[in-house]
Amino acid sequence: QVQLVESGGGLVQPGGSLRLSCAASGISFSIYAMAWYRQAPGKQRELVARITSGGSTIYADSVKGRFTISRDNGKNTVYLQMNSLKPEDTAVYYCNAQLASISKWGQGTQVTVSS
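The notes below deal with the structure included here.

Analysis parameters
Residues numbered from 1 in each chain as written. Predicted model: local features only at pLDDT ≥ 70, side-chain atom pairs only at ≥ 80, totals over all residues. Heavy atoms only, no water. Helix = DSSP H or I, 4+ residues; strand = E, 2+ residues; numbered from the N terminus. Rg over C-alpha atoms; globule rule 2.2 N^0.38 Å. Areas by Shrake-Rupley, 256 points an atom, 1.4 Å probe, with all protein chains shown as cover. Lys, Arg positive; Asp, Glu negative; His and termini not counted. Charge placed at Lys NZ, Arg CZ, Asp CG, Glu CD. Core = buried A, V, L, I, M, F, W, Y, C linked by side-chain atoms within 4.5 Å. Buried < 20%, exposed > 50% of the residue type's maximum accessible area, 1.4 Å probe, protein only. Pairing = 2+ DSSP bridges. Axes fitted to C-alpha atoms, helices over the stretch in contact; angles between N-to-C directions. Phe/Tyr/Trp six-rings, centres within 6.5 Å; stacked < 30°, edge-to-face > 60°. Lys NZ or Arg CZ within 6 Å of the ring centre and 35° of its normal. Contact = heavy atoms within 4.5 Å. Salt bridge = Lys/Arg side-chain N within 4 Å of Asp/Glu carboxyl O.

Of regular secondary structure, the protein possesses 0 helices and 11 strands. Listing each helix as α and each strand as β along the protein from the N terminus yields β-β-β-β-β-β-β-β-β-β-β. Compactness check: the protein gives a C-alpha radius of gyration of 13 Å against a globular reference of 13 Å for 115 residues, within 12% of the reference. Taken over the C-alpha atoms alone, the protein extends approximately 40 × 25 × 25 Å along its principal axes. Split by element, the accessible area of the protein, about 5,900 Å² in all, is 46% carbon and sulfur. In the protein, 11 positive and 6 negative side-chain charges are present, and the distance between their average locations comes to 4 Å.

If you look at the biggest cluster of nonpolar residues, it comprises 29 residues, and the most contacted ones within it are Met34, Trp36, Val78, Leu80, Met82 and Tyr93. Elements represented by at least two residues in this core include exactly β3 (18-25), β4 (33-39), β5 (46-51), β7 (67-72), β8 (77-82), β9 (91-99) and β11 (109-113).

Here 4 strands make up an open sheet; going across it, the order is β1-β3-β8-β7 and the pairing antiparallel. At either margin of the open sheet sits one strand with a lone partner, and together these are β1 (3-7) and β7. Strand-to-strand twist across the sheet, computed as the mean angle between neighbouring axes with direction ignored, equals 15°. In this sheet, β3 lies alongside β1 in antiparallel orientation, the contact comprising 5 bridges. Note on β3: the bridge partner recorded for Glu6 is Cys22.

For the structure shown, the criterion picks out 1 aromatic pair. Its guanidinium or amino end placed over the ring of Tyr94, Arg45 lies 3.7 Å from that ring's centre, counting from NZ or CZ. Over the ring of Trp105 we find Arg45; its NZ or CZ atom is 4.6 Å from the centre of that ring.

Note on placement: Ser53 falls in the loop between β5 and β6 (57-59). Between the alpha carbons of Ser53 and Leu99 there is a distance of 9.5 Å; along the sequence they are 46 residues apart. Once residues within four sequence positions are removed from consideration, Ser53 is found in contact with Ser30, Ile31, Tyr32, Ala33 and Arg71.

With that settled, consider unusual backbone geometry. Trans peptide bonds make up most of the peptide bonds, and negative phi angles are found at most residues other than glycine. In this structure, Ser84 takes a positive phi of about 50° despite not being glycine. One can find Ser84 in the loop between β8 and β9. For Ser84, a relative accessible area of 42% gives the class partly exposed. Although it is not a glycine, Ala100 adopts a positive phi angle of roughly 55°. When you line up the elements, Ala100 lands in the loop between β9 and β10 (102-105). Residue Ala100 is classed as exposed on the basis of its relative accessible area, which comes to 68%.

With that settled, consider the pattern of salt bridges. Scanning the entire structure with this criterion turns up 4 salt bridges. The salt bridge partner of Arg38 is Glu46, with a shortest N-O separation of 2.7 Å. Through salt bridges with shared partners, one network takes in Arg38, Glu46, Arg66 and Asp89.

The structure is reproduced here in structure tokens:
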């Protein structure tokens, strides 16, 4: 049974930092591309960052220079380091594992950026 469990969300002030984690089980983690998506109220889910099995990364323009995605294959975990957070980063953040036509999702973790 595939499980993706996100953690690390919460309430943070503008300019602050958070690190999200996504622990995977039930998959051969190292061969999957991993990604973080987010969905704000009333908006479509959007890609935030993605890391391939080989370690190549892509970022949404809105988070470039502020967010960093990384993975630890020994721990079956993908991370999203978020710095210089803005109110517009407020959303539910979802972890995604993708291999060919296979796509698995976590349950999401809320990130709220507010003073």
